[in-house]
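Each chain, written out:
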Amino acid sequence: MKAPVALAPLGLALASLMGCAAAAPVDEAPIYKGAETLALDDELVNVRVTLKGGRGAADIDAYTSCAVAHHAQARGYGFARHLRTNVAQQGGLWRGDAVYTVSSERPRGLKTIDAAATLRDCGEQGIPTI
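Residues numbered from 1 in each chain as written. Predicted model: local features only at pLDDT ≥ 70, side-chain atom pairs only at ≥ 80, totals over all residues. Heavy atoms only, no water.

### Observations concerning the pattern of salt bridges
Heads up, the rule is: Every case where a carboxyl oxygen of Asp or Glu lies within 4 Å of a side-chain nitrogen of Lys or Arg is listed as a salt bridge. Burial classes: relative accessible area under 20% of the type maximum marks a residue as buried, over 50% as exposed, and values in between as partly exposed (1.4 Å probe, protein chains only).
Going through the model one piece at a time under the given rule, you end up with three salt bridges. Close ionic contact of Arg-55 with Asp-59 constitutes a salt bridge, the shortest N to O distance being 2.8 Å. Here Arg-55 falls in the partly exposed class, since its relative accessible area comes to 44%. A salt bridge links Asp-114 to Arg-106; the shortest N-O distance between them is 3.7 Å. The partly exposed category is assigned to Arg-106, whose relative accessible area is 48%.

Here it is as structure tokens:
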């Protein structure tokens, strides 16, 4: 008998964020329903997005990254760093609530965003930036 495979911490975190909601089919393109950014202070930004369809958390991450990249560049910052994202699904809509820091210098950390490069990628992928 095989021993059970332990989930990596990231997998557990994602599973707890998504609850028991079934993911939309992978081939269903997301429909972007809106994004808003709110400056919590000079270098801290809250991003809220809504989409329909898509791949759930993966598309929420992409959408919030695009929105924060636009916010950062519009305010003269070249970089952002992801702090946290909460994802929920209800009634066929996915909602994301993310927090990022923004800075003019590349921040330390694993989840950093180069605003200019991210905006180019968003345009190529058809993801709105705001």
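Structure shown, so let's carry the discussion forward.
### Some details on the environment of Gln-73
Where we set the bar: Under the DSSP-based scheme used, a helix requires at least four consecutive residues in state H or I and a strand at least two consecutive residues in state E, with every element numbered from the N terminus.
Tracing the chain through its elements places Gln-73 in helix α2 (residues 57-74). The sequence separation of Gln-73 and Leu-119 amounts to 46 residues, and the corresponding C-alpha distance is 9.1 Å.

### Describing the environment of Gly-91
With respect to the secondary-structure elements, Gly-91 resides in the loop between β3 (79-90) and β4 (93-103). Distance from Gly-91 to Lys-52, taken between C-alpha atoms, is 9.4 Å for residues 39 residues apart in sequence.

### Some points on the sheet that holds β4
As a reminder, the rule being used: Between any two strands, at least two bridges found by DSSP are needed for them to pair. Lines fitted to C-alpha atoms define the axes, with helix axes restricted to the stretch in contact, and inter-axis angles between N-to-C directions lie between 0 and 180 degrees. By definition in these notes, contact holds between two residues if any of their heavy atoms fall within 4.5 Å.
Read from one edge to the other, the open sheet built from five strands follows the order β1-β2-β4-β3-β5, with strand pairing classed as antiparallel. Each edge of the open sheet carries a strand with a single partner, namely β1 (31-41) and β5 (112-114). Between one strand axis and the next, the sheet turns through 30° on average, direction left out of account. Note that β3 and β4 share eleven bridges and pair antiparallel. Bridge pairing in β4 places Gln-89 opposite Trp-94. Together, β1, β2 (44-52), β3, β4 and β5 form the strand contacts of α2, whose direction differs from that of β2 by roughly 135°.

### Some remarks on the side chain of Thr-50
The cut-off we apply is this: Between N or O atoms, a polar contact is any pair within 3.5 Å; within protein, one atom must be a potential hydrogen donor and the other a potential acceptor, and residues adjacent in sequence are included only when both atoms are from side chains.
Tracing the sequence through the fold places Thr-50 in strand β2. Using a relative accessible area of 15% as the deciding quantity, one classes Thr-50 as buried. Side chain to side chain, Thr-50 and Arg-95 meet in a polar contact 3.1 Å long. Not counting residues within four places of it along the chain, the set of residues in contact with Thr-50 comprises Ile-31, Tyr-32, Lys-33, Gly-34, Tyr-63, Leu-93, Trp-94 and Arg-95.

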